[in-house]
Amino acid sequence: TLAFLGAGIMTMRNALAVTIGSNFGTTIDSWLVATLGFKLDIAIVAFPMVGLGAVALALLNDGKKSYQVARFILGFGFLFLGLDLMKDSIELLLKDFDFSLYQGYHPIVFVICGFVITALIQSSSAVIAIALSALNTGTIPFETAVAVVIGTELGTCVKILIGAFGSIPAKWQLAVGNTFFNLVITILAFIFMNPLIQFTGMIFGEEEILLRLVLFQSCMNLIGVVIFAPIL
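Residues numbered from 1 in each chain as written. Predicted model: local features only at pLDDT ≥ 70, side-chain atom pairs only at ≥ 80, totals over all residues. Heavy atoms only, no water.

Enquirer: Let's hear about the overall build of the protein: which residues, and what values?
Expert: A tally of regular secondary structure across the protein gives 12 helices and zero strands. Put simply, the protein runs from its N terminus to its C terminus through helices and strands in the order α-α-α-α-α-α-α-α-α-α-α-α. Here the protein has a C-alpha radius of gyration of 19 Å; the compact-globule value for 232 residues is 17 Å, and the two agree. Projected onto its principal axes, the C-alpha coordinates of the protein cover approximately 55 × 45 × 30 Å. Here the protein holds 232 residues, and the buried ones make up 42% of them. Counting only contacts in the protein whose residues sit at least 6 apart along the sequence, the fraction spanning at least 24 positions is 74%. Summed over its atoms, the accessible surface of the protein is roughly 12,300 Å², and 70% of this surface lies on carbon and sulfur atoms. Where the 10 positive side-chain charges of the protein centre and where its 13 negative ones centre are 16 Å apart. (Helix = DSSP H or I, 4+ residues; strand = E, 2+ residues; numbered from the N terminus. Rg over C-alpha atoms; globule rule 2.2 N^0.38 Å. Buried < 20%, exposed > 50% of the residue type's maximum accessible area, 1.4 Å probe, protein only. Contact = heavy atoms within 4.5 Å. Areas by Shrake-Rupley, 256 points an atom, 1.4 Å probe, with all protein chains shown as cover. Lys, Arg positive; Asp, Glu negative; His and termini not counted. Charge placed at Lys NZ, Arg CZ, Asp CG, Glu CD.)

Enquirer: Provide a residue-level description of helix H11 (residues 193–204), including the pertinent values.
Expert: If you check H11, its first and last C-alpha atoms are 17 Å apart, about what 12 residues at 1.5 Å a residue would give, namely 16 Å. Within H11, burial applies to Met 193, Leu 196, Ile 197, Thr 200 and Gly 201. Looking straight down H11, one finds its buried side chains confined to an arc of 145°; they lie on one side. The exposed residues of H11 that point more than 90 degrees off its buried face are Asn 194, Gln 198 and Met 202. Tucked inside the fold, the buried residues of H11 contact helix H6 (107–121), helix H8 (142–155), helix H10 (169–191) and helix H12 (209–228). Positive backbone phi, at 90°, marks Gly 205, one or two positions downstream of H11. (Expected span 1.5 Å × (residues − 1). Arc of directions from axis to C-beta.)

Enquirer: Can you break down the nonpolar core residue by residue, with the values?
Expert: Core analysis: the largest hydrophobic core is formed by 36 residues, its most contacted members being Leu 132, Val 146, Ile 150, Leu 213, Phe 216 and Met 220. Only helix H3 (27–37), H6, helix H7 (124–136), H8, H10, H11 and H12 provide two or more residues apiece to this core. Considering each element in turn, this core owes the most residues, nine residues, to H12. Ignoring any residue separated from it by four or fewer positions in sequence, one finds Met 220 in contact with Val 149, Ile 150, Glu 153, Ile 185 and Ala 189. Residues Met 10, Ala 15, Ile 160 and Ala 175 belong to the second largest nonpolar core, which totals 10 residues. (Core = buried A, V, L, I, M, F, W, Y, C linked by side-chain atoms within 4.5 Å.)

Enquirer: Outline the packing of aromatic side chains, supporting the account with residue identities and numerical values.
Expert: Considering all chains together, one arrives at six aromatic pairs under this definition. Seen from their ring centres, Trp 31 and Phe 204 are 6.2 Å apart, and the 55° between their planes marks the pair as tilted. Taken as a pair, Trp 31 in helix H3 and Phe 204 in helix H11 lie far apart in primary sequence, 173 residues in all. Assessed through its relative accessible area of 23%, Trp 31 is described here as partly exposed. (Phe/Tyr/Trp six-rings, centres within 6.5 Å; stacked < 30°, edge-to-face > 60°.)

Enquirer: Outline the side chain of Thr 179, supporting the account with residue identities and numerical values.
Expert: Tracing the sequence through the fold places Thr 179 in helix H10. Setting aside its immediate chain neighbours within four residues, Thr 179 contacts Leu 154, Cys 157 and Leu 161.

Enquirer: Explain a nonpolar patch on the surface to me, using residue names and the numbers behind them.
Expert: A cluster of nonpolar residues, Ile 108, Ile 112, Phe 115, Val 116, Ile 117, Leu 120 and Ile 121, forms a patch on the protein surface that exposes about 600 Å² of accessible area. Along the chain, the position of Ile 121 falls in helix H6. (Patch = residues over 30% accessible without salt bridge, like charges linked within 9 Å, V, L, I, M, F, W, Y side chains within 5 Å. Salt bridge = Lys/Arg side-chain N within 4 Å of Asp/Glu carboxyl O.)

Enquirer: Break down the environment of Ile 44 for me, citing the residues and quoting the values.
Expert: Along the polypeptide, Ile 44 turns up in helix H4 (residues 43–59). For the pair formed by Ile 44 and Leu 81, sequence separation is 37 residues and the distance between their alpha carbons is 9.4 Å.

Enquirer: Go over the pattern of salt bridges, please, and point to the residues and values.
Expert: Going through the model one piece at a time under the given rule, you end up with one salt bridge. Close ionic contact of Arg 212 with Glu 206 constitutes a salt bridge, the shortest N to O distance being 3.1 Å. We classify Arg 212 as buried; its relative accessible area is 4%.

Structure below.
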């Protein structure tokens, strides 16, 4: 989107709309991990996609539409494979971790943790996959995982700020607009954290903690879209 905006292909209003939509769209990764990642072996799907995409890239000519489709399949395969590897590795790392020492901390501490980790690895989907894995193993309580997810919302802005740094004013404006959007979502989600937690429990029940966490993430992004879309 930064590239399209910089090239004049996309207007500022439309670029902001895309970034707002992408915040909600990225929750699909979380839904896939929560619904399939702990019940099915994602690698069963990921490895054939990587293999098919790689073979197609070797056989097809660069520049053709089919070549770009092959790149998409390969990239999507790597995305699923990466999420699966992170999920499995974090489960092993957290297996013997004693989280009871940190349970008395204020939720804002875990919001900051979510922000910092997301800023470092530049992927909110990866951090949420880690949070889901920790939640699935019972390493962290549900409220802590929610706080981490709230922190990822603002942490994911760092990469677009880096991408816009030193560039034309339009790109910087888009980066600041995206950051403002995520900052408002973060603040609102933290303020209304308990009502949203209760809402997720009403929808999925108290026991479906993985689906509840992803629903929380989806709800706060959807609320942001509803608020910002009319005032772009």
